[in-house]
Amino acid sequence: MALKIFFCRTKTLCNLFRFHHSYAHPGRIHIFLPSFLSSASEIGIGAKSFPFHRLFSQAVGSDPISSSTDDINEICRVLSDFRSPHHDIESALNSFSTKVSTDLVEQVLKRCKNLGVSAHRFFIWAKKLPGFSPSKESHDILIDILGSSKQFPLIWDFLSEIKEEGTHEIQPATFWNIFRAYSRANLPADAIRAFKRMDDFGLKPSIADLDHLLFTLCKRKLVKSAQEFFDNVKYEFVPSPKTYSILMTGWGDLRDSTEARKLFDEMLERGCSIDIVAYNTLLESLCRGGKPDEAYKLFREMGSHNLTPDAFTYSVFIRAACEANDIHSAIRVLDRMRRYNLVPNVFTFNSIIKLYCKNQRVDDAHLLLDEMIERGVNPDVWSYNAILAFHCDHSEVNQALKLISRIEKDSCLPDRHTYNMLLKMLVKVGRFDRAMEVWESMGERGYFASVSNYAVMIHGLCKKKGRVEDACKFFEMMIDEGLPPYHCTCTQLRDRLLGLGFWEKTRILAEKMQRSTSCSIQELSSTMKGEKTERESRKEKEEEQKPKWYENSG
């Protein structure tokens, strides 16, 4: 029985099958169908089959995609496929050498920020092309990429090259990115050394640079290092209320209100002006440090500092009440804000919504969504996800789907958590038709399925009786998209197939993975075959070599 396949809209199909534009024939589109769709006997079309026929619709016209967009997509694909240092990425990129432009390089780097090694190799390759000159923006993006991938020596080599070439002036923002990268890597001493090296690149550190350094350190909870460095240099700069607020926030995040109070007292001693931000920061630090009574006492003393409570001031107490699961106190403060016509921000509203759901008051959470919109606060995806989590946890299919419709109506875009919760619930309760409708709508909303979305479907279908072939179809779509699956996804699908005696299908899947243009997918094919990876074999060997006394020592 032959399957009749129609072309769908591009935005829907790109979520389901990999569109490959041949390097030799850019205008030609190839659709790689999953191997399980090759014959009806392998599909098992029948009452229990997943409604994959709904993935295809009647042929309709679509807007042509610009060649530059095609080139960007294809180069990003190459960078994803050749992400390992030993992959020959230069040979794969050579066919694009005549199409490289400043804008194209910037767009590729922006879209491949999580591919540190291959993005850097792409930039080096492009820079060698005759007539190409990278922009300042591409320099900044690359430094951010190198920082994210912890390639710190390359950052300093790159900065030295920029300085020697003299084509672009190094800006303080470049060092702010370096502070952030070192802080993310839990290297506070290196972040501080980077601050001290600004002079080497013609930049005299300012209080703004110091604030950025302290902020990045505190954000990563490296507050002690930030405080020690501030104590060493605070008389070389003129700290502002913002400087102290950053440090107080850091101590507040660690729930150390004592240190936060010391900083506030130091502000008073040095004659630094106290603004509403600094005062609110102290109140929040006290609340988070388990001293709400002391915070309320200071709240009543605000007038003595010529300060008037604002929306954030009250929000501090709302969030403290939410954290303590004190719904009555939270609503009491919210009512007070209503009387003073003060509007909480979306973060505070989300705290109350989550509190309502936690206390089984989901109807009140829906009403609060209405109030947010009426008062000019646009709910974000977290506002809806908090309520959706409640409906999904209680397997309330209709309410969950209505909420998804409301998200569209309120012009908010669902994220991967939204879809993961919804798809997991629909598969769990056996509403495969609804799950398919949601999957189809993802592309129509401009959202393209991620690895975790595929994993939710594959893992869920593997657990349902008679749905393993549907799980295989999603797995094949994932491979065709060039998305490397999680290792656990490969093992779960493989074990399920072997448990049902479908060893031949594991072989078909493994061969398909080996044919993929993605090197990462190729490497995972051994997992689908059931072969041990080099890492697993090495671990087993180490276990075997352990002496008996080691095993008995536990």
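Residues numbered from 1 in each chain as written. Predicted model: local features only at pLDDT ≥ 70, side-chain atom pairs only at ≥ 80, totals over all residues. Heavy atoms only, no water.

Per the secondary structure count, the chain includes 31 helices and 2 strands. Every one of the 554 residues in the chain was classed for burial, and the buried ones make up 49%. A total of about 28,100 Å² of accessible surface is found on the chain, and carbon and sulfur atoms cover 51% of it. (Helix = DSSP H or I, 4+ residues; strand = E, 2+ residues; numbered from the N terminus. Buried < 20%, exposed > 50% of the residue type's maximum accessible area, 1.4 Å probe, protein only. Areas by Shrake-Rupley, 256 points an atom, 1.4 Å probe, with all protein chains shown as cover.)

A separate point is the packing of aromatic side chains. Scanning all chains against the criterion turns up 18 aromatic pairs. Where Trp-156 meets Phe-175, the ring centres are 6.1 Å apart and the plane angle is 55°; that geometry is what we call tilted. Placement of the pair is Trp-156 in helix α8 (residues 152-165) and Phe-175 in helix α9 (residues 172-184), with a sequence separation of 19 residues. Comparing Trp-156 with Phe-175, the two get one shared label, buried. With a centroid separation of 5.7 Å and 70° between ring planes, the pair formed by Phe-299 and Tyr-314 is classed as edge-to-face. Taken together, the positions of Phe-299 in helix α16 (residues 292-300) and Tyr-314 in helix α17 (residues 311-323) put the pair 15 residues apart, joining distant regions of the chain. The class of Tyr-314 is buried, set by a relative accessible area of 6%. (Phe/Tyr/Trp six-rings, centres within 6.5 Å; stacked < 30°, edge-to-face > 60°.)

Quick look at the packing of helix α26 (residues 468-481) against helix α28 (residues 503-515) now. At a minimum axis separation of 10 Å, α26 and α28 run at an interaxial angle of 10°. Between α26 and α28, the crossing angle belongs to the class labelled roughly parallel. Packed against α26, whose contacting residues are Glu-469, Cys-472, Phe-475, Glu-476, Ile-479 and Asp-480, the element α28 presents Lys-505, Leu-509, Lys-512 and Met-513 at the interface. Tallied by class, residues from the contact of α26 with α28 come to 5 nonpolar, no polar and 5 charged. (Axes fitted to C-alpha atoms, helices over the stretch in contact; angles between N-to-C directions. Parallel < 35°, antiparallel > 145°, perpendicular 65-115°, else oblique. Contact = heavy atoms within 4.5 Å. Nonpolar A, V, L, I, M, F, W, Y, C, P; charged D, E, K, R; others polar.)

Okay, the environment of Lys-204 next. When you line up the elements, Lys-204 lands in the loop between α10 (188-196) and α11 (207-219). By relative accessible area, Lys-204 is classed as exposed at 73%. Expressed as a C-alpha distance, the spacing of Lys-204 and Pro-172, which sit 32 residues apart in the sequence, is 9.1 Å. In this view, Lys-204 contacts Asp-199 and Asp-209; residues no more than four positions away in its chain are not counted.

With 13 residues, helix α7 (residues 136-148) ought to run about 18 Å at 1.5 Å a step, and its terminal C-alpha atoms sit 19 Å apart, in line with that. Every buried residue belonging to α7 is among Ser-138, His-139, Ile-141, Leu-142, Ile-143, Asp-144, Ile-145, Leu-146 and Gly-147, and all of these are buried. Among the structural elements, α5 (102-111), α6 (116-127), α8 and α9 are those in contact with the buried residues of α7. Looking one or two residues past α7, Lys-150 carries a phi angle of roughly 60°, positive in sign. (Expected span 1.5 Å × (residues − 1).)

Turning our attention to the UniProt feature "repeat: PPR" (unreviewed entry) in the chain. In this structure's numbering, the residues bearing the UniProt feature "repeat: PPR" (unreviewed entry) are residues 171-205, 240-274, 275-309, 310-344, 345-379, 380-414, 415-449 and 450-485. Its end C-alpha atoms 10 Å apart, residues 345-379 is made of 74% helix and 0% strand. Taken end to end, residues 415-449 comprises 74% helix and 0% strand; its first and last C-alpha atoms sit 10 Å apart. (UniProt positions renumbered as here; feature names shortened; annotations may be inferred.)

So, on to the pattern of salt bridges. Two side chains carrying opposite charge are able to pair once their charged atoms lie near each other. The full count for this structure, using the stated rule, is 35 salt bridges. The salt bridge partner of Arg-338 is Glu-371, with a shortest N-O separation of 2.6 Å. Of this pair, Arg-338 sits in helix α18 (residues 327-339) while Glu-371 sits in helix α20 (residues 362-374); the two residues are 33 residues apart in sequence, bridging distant segments of the chain. Overall, Arg-338 belongs to the partly exposed group, its relative accessible area being 33%. Look at Glu-371 and you get buried, because its relative accessible area is 15%. (Salt bridge = Lys/Arg side-chain N within 4 Å of Asp/Glu carboxyl O.)

Next up on the list: the nonpolar core. One finds Phe-122, Phe-175 and Leu-493 to be the most contacted residues of the largest nonpolar core, which totals 159 residues. The element contributing the most residues to this core is α26, with 8 residues. Structurally, this core is a two-domain feature, drawing no fewer than three residues from each of domain 1 (380-448) and domain 2 (457-544). (Core = buried A, V, L, I, M, F, W, Y, C linked by side-chain atoms within 4.5 Å. Domains from an automatic or database assignment.)

This part covers the side chain of His-87. As for its position among the elements, His-87 is in the loop between α3 (67-81) and α4 (89-93). Taking relative accessible area as the criterion, His-87 reaches 8% and is therefore assigned buried. Excluding residues that lie within four positions of it along the chain, His-87 makes contacts with Asp-81, Phe-82, Arg-121, Cys-519 and Glu-523.

Take the packing of helix α12 (residues 223-233) against helix α13 (residues 241-253) next. Two numbers describe a pair of packed helices, the interaxial angle and the distance between the axes. Two numbers describe how α12 lies on α13: the axes approach to 9 Å, and their chain directions differ by 150°. As judged from the angle between their axes, α12 and α13 are roughly antiparallel. At the point where α12 passes α13, the crossing takes the left-handed sense. Between α12 and α13, the contacting residues are Val-223, Lys-224, Ala-226, Gln-227 and Phe-230 on the first element and Thr-243, Tyr-244, Leu-247, Gly-250 and Trp-251 on the second. Looking at the contact of α12 with α13 residue by residue, the class counts come to 6 nonpolar, 3 polar and 1 charged. (Left-handed = near helix turned anticlockwise from the far one by under 90°.)

This part covers the side chain of Asp-71. In this fold, Asp-71 is placed in helix α3. Contacts of Asp-71, omitting those with residues within four sequence positions, involve Phe-96, Lys-99 and Leu-104.

Next up on the list: α18. The end-to-end C-alpha distance of α18, which contains 13 residues, comes to 19 Å, matching closely the 18 Å that a straight helix rising 1.5 Å per residue would cover. Along α18, the residues that are buried comprise Ile-327, Ser-329, Ala-330, Ile-331, Val-333, Leu-334 and Met-337. Downstream of α18 by a residue or two, Asn-341 has a phi angle that is positive, lying close to 60°.

This brings us to the confidence of the model for the chain. In low-pLDDT regions, the fine details of the predicted coordinates are not to be read closely. Looking at the chain, the pLDDT average stands at 83 and 84% of residues meet or exceed 70. When the criterion is pLDDT under 50, residues 1-67 qualifies, and its contacts beyond four places in sequence or with other chains add up to 134 contacts. (pLDDT = per-residue confidence, 0-100.)

Moving on, we get to unusual backbone geometry. Of note in this structure, Lys-150 is not a glycine but carries a positive phi near 60°. Take Lys-150: it is sitting in the loop between α7 and α8. Since its relative accessible area comes to 53%, Lys-150 is described here as exposed. With phi around 65°, Lys-221 is a residue other than glycine that occupies positive phi space. Residue position: Lys-221 is located in the loop between α11 and α12. The class of Lys-221 is partly exposed, set by a relative accessible area of 48%.

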